[in-house]
There are 2 protein chains.
Amino acid sequence: MSDGISSGISAPTVPAHGVRLAVDAMGGDHGPAEVVPGALDHARSHPEDQVLLVGDPARITAIAGALPANVEVVPASQVIEMHEHPALALREKRDASILVGCDLVRNGKADAIVTAGHTGAAMAAAVLRVGRLPGVDRPALAVQMVRAGRPFVLLDIGANPDSSPENLAQYARMGAIFAEKVVGIPTPRVALLSIGEEKGKGDLRIQRTTELLDASDLNFVGNVEGKDLVADMADVVVTDAVTGNVVIKFFEGLSTFIFDLWRGEFRSGIRGRLAYLLLRPGIGRIRRIFDYERAGGSPLLGVKGAVIITHGRARRRMVGFACEVAANTARTGVPALIAEALREDAARAAAASSESGPDAEAPVDAGAVS
Amino acid sequence: MSDGISSGISAPTVPAHGVRLAVDAMGGDHGPAEVVPGALDHARSHPEDQVLLVGDPARITAIAGALPANVEVVPASQVIEMHEHPALALREKRDASILVGCDLVRNGKADAIVTAGHTGAAMAAAVLRVGRLPGVDRPALAVQMVRAGRPFVLLDIGANPDSSPENLAQYARMGAIFAEKVVGIPTPRVALLSIGEEKGKGDLRIQRTTELLDASDLNFVGNVEGKDLVADMADVVVTDAVTGNVVIKFFEGLSTFIFDLWRGEFRSGIRGRLAYLLLRPGIGRIRRIFDYERAGGSPLLGVKGAVIITHGRARRRMVGFACEVAANTARTGVPALIAEALREDAARAAAASSESGPDAEAPVDAGAVS
């Protein structure tokens, strides 16, 4: 509990004991050329951690050269390509790097895995091989969203279409634990994404989830709407896969579109170029706010290990941050804390539903909405 | 069919015959002070149209002065304030300007209504008093979204949580008619917002809606994801109320956030100010792309008249554009075209479900998903 190790974006204090980190060296648009150097950066800056590079030994060592003492290569002869159908590819490529990496976690040889590979295949591999934590109905994919100041955690961003209110309430709990332990936010404020801030608004799923979160002991601050996502109103924002996925991809598209417009102006003519030179420090400040690479990648929460799925386009720097987030997720014991919290939530729900007084919480009825 | 009359953003050719436009003079954050001048701008630039200013005659004439020949005041003694509960306020304030305005449309004394008032109250008033078109299950709220080049139409942005696939397919039809007649896009490309472009992705509602749109004679170009919203991939994007509302409000929040960051840099110190002067033409170009005021406001599609709900914060200029969009929606006969198209769609669906060959389309089963 002594040394401060910086996480993806913020810098909570996490215990400095070492963890074992499997890295899918073959995944992503750039493959080993970017993943291996990123993983080695982590190994060098965190000598207490052990890094297992999973993939083609010849290609890995050609890039890595002499390996640091805390790095090993674990052979895997196949790779799931970005264009493949996840379920099909997982069935056909039994020695794919993502499967071999997940098996290291399953067999207790690694505490965490990082991949830049196919998101769908990585999620499926993690659920199949690493396995769900007890009490978890559906693992959720989360992301640290940038805004001015501290980032917030948004989930689910695409793991589970057709989630139930009970699923969403579990996402809230899992997101809050990740926000506290890895992003470093004590007692994170949890909000539900809706059409408006009033509790009666939104669809039936949102209304039922609002009741569940109100009845929980989470620091639930209510419902927020789209414009609030850039304001500092919550540390964990819960939503369903479709809306969450649209938000994160629209964010990517819209911010790129706007910054490209400015870049175009800075490059057009002598006036633009001069303005660019004058504004350079300010452009740096804005760029740092939108530096999504520091978030490292998306944690898949609810599985028996720390699983971080980084961007398919991630380069060395972002892979390094992904390794750090994965290591900190394992180091702070996020999976065990999630299992424990869900066990307590289930006990609390059972106790509440067995109460008969007028103050008892309404019993959970998944069938009504899901 | 001769004169070109510019619409909110683009400039389709619409017939120049006059329409009668009711304007809720009292609604919005700024009330008559901005709404009345905006409506008068429209009356002056469109002498063929008749404008009915609905509200407090004393307040309206104090702002308007001598009225142009094509402007009249229609008295209404009450106003629904922005903070009121819509259903409650509509029951209690029988002489509210939004209700009196909607009754003008209902009674055939106006073809269109514009309001900057409470969105929920305006939608409810329009459905109650103007009424749904035959065949319309649920009217939908649409918006013209800005991007580089031509805007696209996004709907539903908040009228109906818990829409069924059949509702979403109707939104597609209604949005396509608005896009063609008012935005001026012949044979608009229709897309469905989803998690990915592959047809199997998304939740059950999206999957079923994809089938319905595939079976329609709309120019359905498939599913798009969040990042595609800034690309020129579709002219009409269909989504459910929650995702649509989150997208439009996140757009507002994120673009404001980014532009505020740039504004801060342009105002900080002599370097920023100098850069601003150098970049002024470019800033103007970017500002024109993000000039959402030109869209005028959100059409409520599926009711028996042209209903445009503009921004609560709309000022004179945006109110003027809202009047133009409302007038063009009425002038091009959008409501009648929607009723006709939905009648044809229903006939086509009935014919398809009575076919018994292997090529027949699957019959519609709303209960499975909605």
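Up top is the structure these notes are about.
Remember, predicted model here, so these are calculated numbers, not experimental data. (Residues numbered from 1 in each chain as written. Chains lettered and ligands numbered in written order. Predicted model: local features only at pLDDT ≥ 70, side-chain atom pairs only at ≥ 80, totals over all residues. Heavy atoms only, no water.)

Enquirer: Mind showing me how you'd approach the sheet that holds strand S11 (residues 306-309) of chain B here?
Expert: The strands making up a sheet are joined through hydrogen bonds of the backbone, oriented either antiparallel or parallel. All names here are of chain B. Read across the open sheet, the eleven strands follow the order S3-S2-S1-S4-S11-S10-S5-S6-S9-S7-S8; overall the sheet is mixed. The sheet is open, and its two edges are formed by strand S3 (71-75) and strand S8 (220-224), each paired on a single side. Going across the sheet, the axis of each strand differs from the next one's by a mean of 25°, ignoring polarity. As defined by bridge partners, strand S4 (residues 112-115) adjoins S11 across four bridges and the pair is classed as parallel. Directly across from Ile113, in S11, lies its bridge partner Val307. Of the strands in this sheet, strand S1 (20-24), strand S2 (50-55) and S3 are in contact with helix H1 (residues 32-45), which crosses S2 at around 165°. (Pairing = 2+ DSSP bridges. Helix = DSSP H or I, 4+ residues; strand = E, 2+ residues; numbered from the N terminus. Axes fitted to C-alpha atoms, helices over the stretch in contact; angles between N-to-C directions. Contact = heavy atoms within 4.5 Å.)

Enquirer: Hey, could you run me through the interface of chain A and chain B in this one?
Expert: The parts lose accessible area when they come together, and the size of an interface is often stated as this lost area. At the junction of the two partners, chain A supplies 52 residues and chain B supplies 52 residues. Summed over both sides, the interface of chain A with chain B buries roughly 4800 Å², with 77% coming from carbon and sulfur. Of all residues in chain A, Ile195, Phe250 and Trp262 of chain A bury the most surface against chain B, accounting for 16% of the area lost on that side. Here Glu225 of chain B makes a salt bridge to Lys249 of chain A, at a shortest N to O gap of 2.7 Å. Summed over the shared surface of chain A and chain B, the number is 15 residue pairs in polar contact (both at pLDDT 80 or more). Of the residues forming the side of chain A that touches chain B, the biggest block, 19 residues, is contributed by helix H8 (residues 241-267) of chain A. Taken together, the residues that form the side of chain A that touches chain B break down as 32 nonpolar, eleven polar and nine charged. (Buried area = accessible area lost by both parts, 1.4 Å probe. Salt bridge = Lys/Arg side-chain N within 4 Å of Asp/Glu carboxyl O. Polar contact = N/O pair within 3.5 Å; in protein donor to acceptor, adjacent residues only side chain to side chain. Nonpolar A, V, L, I, M, F, W, Y, C, P; charged D, E, K, R; others polar.)

Enquirer: I would appreciate a short explanation of the packing of aromatic side chains in the present structure.
Expert: How two aromatic rings sit relative to each other is given by the distance of their centres and the angle of their planes. Under the definition given, this model contains 18 aromatic pairs over all chains. Look at Phe250 of chain A and Phe251 of chain B: their rings are 6.3 Å apart centre to centre, the planes differ by 25°, and that puts the pair in the stacked class. Of this pair, Phe250 of chain A sits in helix H8 while Phe251 of chain B is found in helix H8 (residues 241-267), placing the two residues in two different chains. For the pair Phe250 of chain A and Phe251 of chain B, one class covers both residues: buried. (Phe/Tyr/Trp six-rings, centres within 6.5 Å; stacked < 30°, edge-to-face > 60°. Buried < 20%, exposed > 50% of the residue type's maximum accessible area, 1.4 Å probe, protein only.)

Enquirer: It is not clear to me how unusual backbone geometry should be interpreted in this structure. Could you clarify?
Expert: Note on backbone geometry: most residues besides glycine have negative phi, and most peptide bonds are trans. All names here are of chain A. Cis geometry marks the peptide bond from Leu155 to Asp156; its omega dihedral reads 0°. Along the polypeptide, Asp156 turns up in the loop between strand S6 (152-155) and helix H6 (165-183). Non-glycine residue Asp162 carries a positive phi angle of around 60°. Counting through the fold element by element, Asp162 comes out in the loop between S6 and H6. By relative accessible area, Asp162 is classed as partly exposed at 30%. A positive phi angle, near 45°, is found at Thr187, a position not held by glycine. Structurally, Thr187 is set in the loop between H6 and strand S7 (190-193).

Keep in mind that these numbers describe shape and distance, not what the molecule does.
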